[in-house]
Amino acid sequence: MKSDPRDGQLTTNVPSGRRFGTIGEVNVELGLNTFGDVTVDEAGAPNPAAQTIRDLLDQAVLADEVGVDFLGVGEHHRDDYAVSAPEVVLGAVAARTTRIRLGTAVTVLSSDDPIRVFERFSTLDALSSGRAEVILGRGSFTESFPLFGFDLEQYEELFSDKLDLFAHLRTGRPVTWSGTTRAPLTDQTVHPPLETPPLPTWIAVGGSPESVVRAARYGLPLMLAIIGGDPLRFAPYADLYRRALAQFDKSTDLPVGVHSPGHVADTDEQARDELWPHYRTYVARIGAERGWPAPTRIEFDRSTGPGGSLYVGSPETVAHKIAHTVRALGLDRFDLKYSHGTLPHRPMMRSVELYGTQVIPRVREILGDAVTDAQE
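Here the structure is a predicted model, which means the values were calculated and not measured.

Q: Explain the overall build of the protein chain to me, and be specific about the residues and the numbers.
A: Secondary structure summary: the protein chain contains eleven helices and twelve strands in total. Scaling as 2.2 N^0.38, a compact globule of 376 residues should have a C-alpha radius of gyration of about 21 Å, and the protein chain matches this with 20 Å. Out of the 376 residues belonging to the protein chain, those deemed buried represent 54%. Excluding contacts between residues fewer than 6 apart, the proportion of contacts in the protein chain whose partners are at least 24 apart in sequence is 73%. When the accessible surface of the protein chain is split by element, carbon and sulfur atoms take 52% of a total near 15,600 Å². The centroid of the 37 positive side-chain charges in the protein chain is displaced by 1 Å from the centroid of its 51 negative side-chain charges.

Q: Describe helix 8 (residues 268–290), with residues and values.
A: An α-helical segment advances 3.6 residues per turn. Residues three or four places apart therefore align on the same side. Spanning 23 residues, helix 8 covers 30 Å between terminal C-alpha atoms, matching the ideal 33 Å at 1.5 Å per step. Of all the bends in helix 8, the greatest, near 40°, is centred on Trp276, and the proline Pro277 appears no more than four residues after it. When helix 8 is considered as a whole, its buried residues turn out to be Ala271, Glu274, Leu275, Trp276, His278, Tyr279, Tyr282, Val283, Ile286 and Gly287. Gly291 lies just past helix 8 and shows a positive phi near 85°.

Q: Talk me through the environment of Thr176; I want residue IDs and the actual numbers.
A: By the element assignment, Thr176 lies in strand 6 (residues 175–177). With ten residues separating them in the primary sequence, Thr176 and Thr186 have C-alpha atoms 4.3 Å apart. Setting aside residues up to four positions removed in sequence, Thr176 forms contacts with His168, Leu185, Thr186 and Asp187. Within polar-contact distance, the side chain of Thr176 engages the backbone nitrogen of Asp187 at 2.8 Å.

Q: So, unusual backbone geometry: which residues are in play, and what are the values?
A: Pro192 follows His191 through a cis peptide bond whose omega is -5°. The linkage connecting Pro197 with the following residue, Pro198, adopts the cis geometry, with an omega of 0°. Positionally, Pro198 belongs in the loop between strand 7 (185–188) and strand 8 (201–205). The phi torsion at Asp187 lies on the positive side, around 50°, for a residue other than glycine.

Q: Let's hear about the pairing of strand 1 (residues 29–34): which residues, and what values?
A: Strand 1 sits mainly inside the fold: six of its six residues count as buried. In strand 1, alternate side chains face the same way, and those of Glu29, Gly31 and Asn33 on one face and Leu30, Leu32 and Thr34 on the other are all buried. Here strand 1 runs beside strand 12 (residues 333–337); their pairing, made up of five bridges, is parallel. Paired with Glu29 across the two strands is Arg333, which belongs to strand 12. With four bridges joining them, strand 1 and strand 2 (residues 70–73) adopt parallel strand pairing. When the sheet's bridge partners are listed, Leu32 is paired in strand 2 with Leu71. A crossover links strand 1 with its parallel partner strand 2, the connecting element being helix 1 (residues 49–65), and its sense is right-handed.

Criteria and cut-off values
Residues numbered from 1 in each chain as written. Predicted model: local features only at pLDDT ≥ 70, side-chain atom pairs only at ≥ 80, totals over all residues. Heavy atoms only, no water. Helix = DSSP H or I, 4+ residues; strand = E, 2+ residues; numbered from the N terminus. Rg over C-alpha atoms; globule rule 2.2 N^0.38 Å. Buried < 20%, exposed > 50% of the residue type's maximum accessible area, 1.4 Å probe, protein only. Contact = heavy atoms within 4.5 Å. Areas by Shrake-Rupley, 256 points an atom, 1.4 Å probe, with all protein chains shown as cover. Lys, Arg positive; Asp, Glu negative; His and termini not counted. Charge placed at Lys NZ, Arg CZ, Asp CG, Glu CD. Expected span 1.5 Å × (residues − 1). Bend = angle between axes of the 7 residues up to and from the residue. Polar contact = N/O pair within 3.5 Å; in protein donor to acceptor, adjacent residues only side chain to side chain. Pairing = 2+ DSSP bridges. Right-handed = clockwise from strand over helix to strand, strands pointing away.

See the structure below:
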């Protein structure tokens, strides 16, 4: 995932962190994420969580078939999401796919045991023949803390301590470590071993400069979660990350990615109309918990425009918007969160299909044209 320019490849004026293939080709990776949002059926009746999980498996198989690079499955512990054990779901996906890389979006490390997380992912890596990767973060909800007996007053300490341990574990070597939130380890080997260490590990960041710098300090790739506002306002975070990598004497070619919500349909109008009622319910519920006002259709439509964080529309519209974000932030990966609230399985399957068959090749074509133009 590093960019080591080779003979015959373009190395001119582009943001650091970008990865290039042959002249005119940009090797940006394009993935999909889902939180396993509990859906409704075609008649609008709520599906059981079990059906949502089975449907998610079909969506993942389709993503593999249409050429999506990565699938991330989120972890939540509340009734509007079906997936609380993403590695189990990913294990089932691994058994039915051949090429798509598999990971989380995100693993809430603060309320988990780093050793158990590593064991689950080394097992997933074996099942998938080396396709596993983990995205670590603190999550956007806190239900897991009381559920697993953790004190929210230790919110920062838990993540910092457990991330430090996981950074040692991912190497696959015996670990000697001590911290403040658990017993120390002395020359401890964790099983099963990785066939090809280290385990690919990203740090998810929602907009904290301190978190950006921490990712750089550990020399881990950065995943920016952009779920509101103009995506370009995150450009300073990408720049900060690359400056921090240099200051910590880490490779400045480590990848930067973005996770953002979206939905693809045959036309812009269809995509907006399909998503809006489910998006409205989803955001209104979370807003009621956090003191936000309910969204309006005007706000929603504005967010699907050029300066918004919703990648919603026809394949051409979504492709141009993704390409613009990739260029502006110098990204190596873009992950589209394609599940939203109660959005049914059928339009999600169509969204996955269009993303793989039309959006991905079009994004690469647009970016490749830009590279060629820059060379000329």
